[in-house]
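Residues per chain are reported as follows:
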Amino acid sequence: MESRAREGDGRERQLSDSALFWRSDGRKVLALESVENLDRRHLIQRPVLLKHQLRELSQVRRINRGSYVLLHFITPLASSSTPIHVTRSHSRSWSVGSWRRPPSYARGHIKYQQGVRARGSRKLHMSSGSEERSTAKMTMESKEWHISAYAPEGIPTSDHLQLRAAKIPVAAGSIPDRHVAVEMLFVSVDPFLRSRMTGREDGLYSPQFDLNQVVTAFGIGRVVESTDDKYAKGEIVIGPFLPVAEYCVVPSDFIIRKIEPNGDVELPDYLSCLGVPGFAAWLGIEVLGEPKAGSNVFISAAAGGVGMYAGQLAKLRGCRVVGSTGSDEKVTLVKEEFGYDEAFNYKKETDLDAALSKYFPDGIDMYLDNVGGKMLEAVLNHVNQGARISLCGMISEYNKVWTEREGVRNLLNMVGKEVRMEGFMVGSPSHLARFGDFAQQMEGHMRQGKIRSKHRIYHGVESFLESLQSVFSSSNLGKVIIQVKPQ
């Protein structure tokens, strides 16, 4: 039997009864056979890692109720020959994974190769490690952070995040094929983690953490054991979905690269200058903003993980750069260490229009927004003709429901001044394709001493809650990182 489903562009495709995949307009689409009572609440949007590239399910759409569901990937897969396997556990939970072999069943649950889970299915090996196997001959005591309740408003507290103990089997005979056991060394604490703890999808549309599961983040670890020939004991690796824990077992596809430690680049730099913050700054300045020499550039949250690099990149392009920060100490930091021409403390200079008039008498040509709200509104009163605004984040709005966020009332200025304002996500396919260019350029700047970093290091996995809370205060200088274990 065959059914027809219509793509977003209006063309029709044949769908057979079996699970299938095909490529259209650069997107991969998957059809599930005879899926009933399935919607976005059951198959939640989850990050997917295929061929060492980040992917994310962008929407779940029902076609002919009770018949087919299409999963649209926001990006083409690395290869049109990479299939996706869909199967169902005995509890009728659906899961998606990179196909390697037919799933093996044991006591009603699926052995996942990819580690992506539908809500309601059994725990993954990466999630807690609390399920001990009878074959385990070696286990490690590990502390790990779980989300116990969503925090739709305010900063998460111990009511939402809890530290728990677990035993992680790390012997080769106790972990699945193509997995790695990792001892965590460093964990990146980034503002976007907050958006995965709200219990809702808006704003950044980040996939939410599942309740009572381990929190994941970008991290660096040392391989303790491996069942994948690509990774050996003792190697240092980095991945975007590593548990905030002391030890973990994850699919090897969760590892995006090995790191060769050397004296030129410290390990924390791979989570800052050469990681997501540096990449975000590079995209905002070099790709979207493209300010010319002599341009007036404004960076909000200038002393943060993105801001400190954005300002330095703009200076390397010959721009005049001004930043806003939340303390006098940070004003000194960005001017003396990061080379900003001027900076101001928005908590003292509370009249933002007056402050921007003072520091930008000739107007603003390019703005990298990390704050949103009142700051963005004030900037729009001072933009020049043809100005560009790169929307990287809006940290002032992360802890509010959308109805309580600051509205921007002067968007009409964008029309009259012909302003181009564009938001961006570092994980989008068009930007990921530029990561190699970024890494090469940024590492070159670092080796030549043209880019400097500032890290706020917290020690021990126990400090995760404190470090996350600090991101939304004015207490931190630079990029927040947890050193889980001594190197």
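Here, every reference points to the structure presented above.
Residues numbered from 1 in each chain as written. Predicted model: local features only at pLDDT ≥ 70, side-chain atom pairs only at ≥ 80, totals over all residues. Heavy atoms only, no water.

### Things to note about empty space enclosed by the protein
For clarity, the threshold we go by: Cavities and pockets are found on a 1 Å grid laid over the protein atoms alone: a cavity is a set of points where a 1.4 Å probe fits but cannot escape, a pocket is an open set with protein on both sides within 12 Å along at least five of seven lines, and a lining residue has an atom within 4 Å of such a point. Grid points are joined across faces, edges and corners, and a volume is the space filled by probe spheres set on the points. Secondary structure follows DSSP: runs of H or I at least 4 residues long count as helices, runs of E at least 2 residues long count as strands, and numbering of each begins at the N terminus. Here the term charged refers only to Asp, Glu, Lys and Arg, the term nonpolar to Ala, Val, Leu, Ile, Met, Phe, Trp, Tyr, Cys and Pro, and the term polar to all other amino acids, Gly among them.
All told, the structure shown has 2 cavities of 30 Å³ or more when counted by the stated rule. Around the second largest cavity, the lining residues are Leu288, Gly289, Arg388, Ile389, Ser390, Arg420 and Glu422. For the lining of the second largest cavity, the secondary structure elements donating two or more residues are helix H1 (276–289), strand S24 (383–391) and strand S25 (420–423). Broken down by element, the residue count for the lining of the second largest cavity peaks at 3 residues, all from S24. Per-class residue counts for the lining of the second largest cavity are 2 nonpolar, 2 polar and 3 charged.

### A look at the side chain of Ser428
Keep this limit in mind: Two N or O atoms count as a polar contact when they lie within 3.5 Å, although within protein this holds only if one can serve as hydrogen donor and the other as acceptor, and sequence-adjacent residues are included solely when both atoms are side-chain atoms.
Its place among the elements puts Ser428 in the loop between S25 and helix H7 (429–432). A polar contact is formed between the side chain of Ser428 and the backbone oxygen of Met425, at a distance of 3.1 Å.

### Details of the sheet that holds strand S20 (residues 296–299)
Quick note on the threshold: Only strands joined by at least two bridges in the DSSP assignment are considered to pair. Orientation is described by lines fitted to C-alpha atoms, with helices fitted over the stretch in contact, and by angles between N-to-C directions that extend from 0 to 180 degrees. Should any heavy atoms of two residues lie within 4.5 Å, those residues are considered in contact.
The strand order across the open sheet formed by 6 strands is S22-S21-S20-S23-S24-S25, and the pairing between neighbours is parallel. The sheet is open, and its two borders are formed by strand S22 (342–345) and S25, each paired with just one other strand. Across this sheet, the average inter-strand angle for adjacent strands is 15°, counted without regard to direction. With 4 bridges joining them, strand S21 (residues 320–325) and S22 adopt parallel strand pairing. The residue bridging Gly323 from the neighbouring strand is Ala343, located in S22. Against the sheet, helix H4 (residues 352–359) contacts S20, S21, S22 and strand S23 (364–369), and its axis sits at roughly 165° relative to S22. Seen against the sheet, helix H5 (residues 373–380) touches S20, S21, S23, S24 and S25 and runs at an angle of roughly 170° to S23.

### What to know about H1
Cut-off, in case you're wondering: Consider a residue and the seven residues that end there alongside the seven that start there; fitting an axis to each set, the bend is the angle between those axes. Burial classes follow relative accessibility: with a 1.4 Å probe on protein chains only, a residue under 20% of its type's maximum area counts as buried, one over 50% as exposed, and anything between as partly exposed.
Along H1, the largest kink reaches about 30° and is centred on Leu283. Within H1, 12 of the 14 residues are buried, which leaves it mostly tucked inside the rest of the structure. Of all the residues in H1, the buried ones are Pro277, Gly278, Phe279, Ala280, Ala281, Trp282, Leu283, Gly284, Ile285, Glu286, Leu288 and Gly289. The positive-phi residue at the C-terminal boundary of H1 is Glu290, with phi of around 45°.

### Re the environment of Phe254
The topology assignment puts Phe254 in the loop between strand S18 (247–251) and strand S19 (257–259). Linking Phe254 and Ile238, residues 16 residues apart in sequence, is a C-alpha distance of 8.7 Å.

### As for the packing of aromatic side chains
How two aromatic rings sit relative to each other is set out by the distance from centre to centre and by the angle between their planes. Worth spelling out the cut-off: Under the pairing criterion, centres of Phe, Tyr and Trp rings, with the six-membered ring standing for Trp, must be within 6.5 Å; the plane angle then separates stacked pairs below 30 degrees from edge-to-face pairs above 60, leaving the rest tilted. Think of it as a cone above the ring: NZ of Lys or CZ of Arg counts as a charge over the ring if it is within 6 Å of the ring centre and within 35 degrees of the ring normal.
Evaluation of the coordinates by the stated rule reveals 11 aromatic pairs. Ring centres 6.1 Å apart and planes at 15° place the aromatic pair Phe298 and Phe344 in the stacked group. Note that Phe298 is positioned in strand S20 and Phe344 in strand S22, a separation of 46 residues in sequence. Since its relative accessible area comes to 1%, Phe344 is described here as buried. Aromatic side chains Phe298 and Phe360 sit 5.6 Å apart centroid to centroid with 70° between the ring planes, which places their arrangement in the edge-to-face category. Placement of Phe298 in strand S20 and of Phe360 in the loop between H4 and S23 is noted, with a sequence separation of 62 residues between them. The exposure class of Phe298 is buried, given its relative accessible area of 0%. Members of the aromatic cluster, each reached through a chain of ring pairs, are Phe298, Phe344, Tyr359, Phe360 and Tyr367. The aromatic ring of Phe209 is capped on one face by Arg196, whose charged end is 4.0 Å from the ring centroid.

### Digging into the packing of H1 against helix H2 (residues 307–316)
This is how the line gets drawn: Under this scheme an angle from 65 to 115 degrees is roughly perpendicular, one under 35 degrees roughly parallel, and one over 145 degrees roughly antiparallel; angles in between are oblique. Here is the rule for handedness: rotate from the far helix to the near one, and if that takes an anticlockwise turn smaller than a right angle the crossing is left-handed, while a clockwise turn gives right-handed.
Look at H1 against H2: their axes get within 8 Å of each other, and the N-to-C directions meet at 40°. When the interaxial angle is binned, H1 and H2 end up oblique. Viewed along their axes, H1 and H2 form a crossing whose handedness is right-handed. Residues Pro277, Gly278, Ala281, Trp282, Ile285 and Glu286 of H1 lie in contact with H2, whose contacting residues are Tyr309, Ala310, Leu313 and Ala314. Here the contact of H1 with H2 is composed, by residue class, of 8 nonpolar, 1 polar and 1 charged.

### As for helix H3 (residues 328–336)
How we decide: Each C-beta atom gives one direction from the helix axis, and the arc is the one those directions make.
Residues of H3 that are buried include every one of Lys330, Val331, Leu333 and Val334, and no others. For H3, the angular spread of the buried residues around the axis is 160°, confining them to a single face. When the buried face of H3 is taken as reference, the exposed residues oriented beyond 90 degrees from it are Glu329 and Glu336. Each element contacted by the buried residues of H3 is listed here: S21 and S22.

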